[in-house]
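Geometric and topological summary
One letter stands for each residue in the lines below.
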Amino acid sequence: MAYTEEELKKELETKEYEYGFYTDIESDTLPVGLNEEIIIAISKKKEEPDWMTAWRLEAFKHWKEMEEPDWANVHYKKPDFQAISYYSAPNKKPKYNSLDEVDPELLETFKKLGISVDEQKKLAGVAVDIVMDSVSVATTFKKTLAEKGIIFCSISEAIKEHPELVKKYIGTVVPQRDNFYAALNSAVFSDGSFCYIPKGVRCPMELSTYFRINQAGTGQFERTLVIADEGSYVSYLEGCTAPSRDENQLHAAVVELIALDDAEIKYSTVQNWFPGDKEGKGGVFNFVTKRGLCEKNAKISWTQVETGSAVTWKYPSCVLKGDNSIGEFYSIAVTNNFQQADTGTKMVHLGKNTRSTIISKGISAGKSQNSYRGLVQVNSRAENARNFSQCDSLLMGNECGAHTFPYIEAKNKSAQIEHEATTSKIGEDQIFYCNQRGIDTEKAIALIVNGFSKEVLNKLPMEFAVEAQKLLEISLEGSVG
Amino acid sequence: MLKIKDLHASIDDKEILKGINLEVKAGEVHAIMGPNGSGKSTLSAVIAGKEEFEVTQGSVELDGDDLDEVAPEERAHKGVFLSFQYPVEIPGVSVTNFIKTAINESRKARGLEEMPANEMLKMIREKSELLDIDRKFLSRSLNEGFSGGEKKRNEIFQMAMLEPKLAILDETDSGLDIDALRIVANGVNKLKSKDNAVIVITHYQRLLEYIVPDFVHVLHNGKIVKSGGKELALELEEKGYDWIKNEAVV
């Protein structure tokens, strides 16, 4: 442990990764490895009801029979799933009424992240449910939300307090056996967020959760469930930063969104896990399953800014089940150095008059590989389905790659599907033009990249957009010599 | 203000400028004319500090400082402005956002605070009126889908906003119709003062009817082969560049 600390200090000094630090909070960690006993232990530690334990065990059974997928355009050394500890929680059980009671070291962590709860409290309209190493340690604005009947809490709490809702919806959009990582998550998920918006309620504030991986050698398996009941609206923000780690870390989250009739969910993500160093050493493996289900007239918008992780495997998708439902996907994926990203979306049109929009912006620098992979599927009963897809790639330098894999399956003749794609390169002439106007090269790249990403950045809530813009700049620092 | 001494510059080991001498004082307008390939655009790029060009001999001085090791953006901060012959497109970055960034970067370099928004807006309004620029134009992506005339007008708009000490107009007249030419030239004339200087690089005499130079230099084969007053431009127009070429040979 001391060795790791030493190394991290060194990394901090070089400031290569702004959020690379390590908080020394005593943790309660289960032994490494995965078997039924471990799963039962996790469930027990979390004081879960029997049905939840059984659900986890069932997922584990599926997982054992599955193989890690290898169709994505990424190359990495497969993690040893028996060498991972599947549970870690801060030891001092936190139940605070005010910030004064919170572990000062934890507060320090938040400060380094630039998201001190203090600040967040002042930031009008933002309730933060901070998830650090799997257990939710601080929840604010709960009262305001409770008045509207909105439930916003950790998933563990929801399992205890609102079992009927969790039981009804968990695994309905992403089944246990959906894919290898989703099955793993279903078996071992440690914590995550739960959100329920009652009928006809418009959530008065942006809901946000910050995830952090903090314990060396601990995988993070977040589980998020958002349910927007009929005619309701919610905007949910998820921001991720992780401390530097020398060995690769696994992150396999599952997010399920359910938008019932006439409901709308806007789900925004900024992902900034440790991408590995300049030589491609270390970094987070980010294998995420995110999917939303739209009932009649419902709408789900995914907006993501992906700048981190060594390997990203992520396809936030929409199942447009109800007639007239709408799915949207707006994405910026930045890869630098040796990062690899294979990301995109699936739009599954089942209902009549369903519409989907896909705007994907890939930015590759260094020796990175950036792939867009998207599927637009129109079912035979989906009359008048429409899709518009636009995939733009921006290349910096000569050693990176941009790839586009669009798949279209249309089984209904009335479908209208459009796909546009462009690839461009930041040119020396553009840089010189900016230089000549007094703008240095780093700033020029930031300006060009922000311009390129504008359509997606515009979809983010205001405070997130500013943060995302900064992240783009940090991620691409030093990418042009 | 600007002193160029025996300047030699090459690209990919090919020498383009072969010993340029030129002095520009505050308040002056210099025109540099010459046939295609004589090195006009290279000269402007070298003054602005474009790194593909290698200065092999001689020097460029601004206010007594040698610019040799000075980065292009620092030259801009010192007050060098180049109106590009072919301005580049930057999709998604509005004219306003671009100029705001440019102004604030220069201010930062001078140790000043960012320009307050209301001041910036006022300045944008004034300068766009001066150049007859539609406000809608300012929210468009920089140079994307602009006509030739719009691009050049945008260059002069940026010049007006940045208030440079030394402005180099590289073929600003190319691609302009007569009305646009007049607007651009008017703009340049209004911005002229005893404290700044302008170098007009042009192939034709046309622009010089509107921006009247104090000196005219003829560039041929990487050298200034003839200098004179504004009447030299007329003489060139009449006799053509062959006259200079022949004279240079002699």
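Okay, so let's go over this structure. All figures in this text were calculated on a predicted structure; none of them were measured in a lab.

**Regarding the pattern of salt bridges**
Applying the stated criterion across every chain yields a total of 26 salt bridges over all chains. Lys299(A) is paired through a salt bridge with Glu328(A); the nearest N and O atoms lie 3.7 Å apart. Highlighted residues: Lys299(A) in strand β14 (residues 299–306) and Glu328(A) in strand β17 (residues 326–335), separated in sequence by 29 residues. Of the charged contacts in the structure, one is a salt bridge between Asp195(B) and Lys194(B), with a shortest N-O distance of 3.7 Å. Taken together, the salt bridges that share partners define one network made up of Lys361(A), Asp392(A) and Glu455(A).

**Focus on the pairing of strand β9 (residues 166–170) of chain B**
Residue and element names in this part refer to chain B. Burial analysis of β9 places five of its five residues in the buried class, which makes it a mostly covered element. Across the two faces of β9 the burial is the same, with Leu166, Ile168 and Asp170 and Ala167 and Leu169 all buried. Inspection of the sheet shows strand β6 (residues 80–83) paired to β9 by four bridges, in the parallel sense. In the sheet register, leucine 82 faces β9, and the bridge partner there is isoleucine 168. Note: β9 against strand β10 (residues 197–202), five bridges, orientation parallel. When the sheet's bridge partners are listed, leucine 169 is paired in β10 with valine 200. The handedness of the β9 to β10 crossover, carried by helix α6 (residues 178–191), is right-handed.

**Remarks on the sheet that holds strand β3 (residues 29–33) of chain B**
Residues and elements named next belong to chain B. If you walk across this open sheet you meet the six strands as β6-β9-β10-β3-β11-β12, and the pairing is mixed. Looking at the sheet topology across the chains shown, the edges are occupied by β6 and β12 (223–228). On average, each strand axis in the sheet is tilted by 20° relative to the strand beside it, whichever way the strands run. Helix α1 (residues 40–48) rests against β3, β6, β9, β10 and β11 (215–220) of the sheet, and its axis sits at about 150° to β9.

**Things to note about the pairing of strand β15 (residues 311–314) of chain A**
Residue and element names in this part refer to chain A. Here β15 shows no split at all, with Val311 and Trp313 on one side and Thr312 and Lys314 on the other all buried. Two strands pair when backbone bridges link them, and strand β13 (residues 284–294) and β15 are joined in this way by four bridges, in the parallel orientation. From the neighbouring strand, asparagine 286 faces β15, where its bridge partner is threonine 312. As defined by bridge partners, β15 adjoins strand β18 (residues 340–349) across four bridges and the pair is classed as parallel. Within β18, the position partnered with lysine 314 by the bridge is threonine 343.

The rules behind the values
- Residues numbered from 1 in each chain as written.
- Chains lettered and ligands numbered in written order.
- Predicted model: local features only at pLDDT ≥ 70, side-chain atom pairs only at ≥ 80, totals over all residues.
- Heavy atoms only, no water.
- Salt bridge = Lys/Arg side-chain N within 4 Å of Asp/Glu carboxyl O.
- Helix = DSSP H or I, 4+ residues; strand = E, 2+ residues; numbered from the N terminus.
- Buried < 20%, exposed > 50% of the residue type's maximum accessible area, 1.4 Å probe, protein only.
- Pairing = 2+ DSSP bridges.
- Right-handed = clockwise from strand over helix to strand, strands pointing away.
- Axes fitted to C-alpha atoms, helices over the stretch in contact; angles between N-to-C directions.
- Contact = heavy atoms within 4.5 Å.

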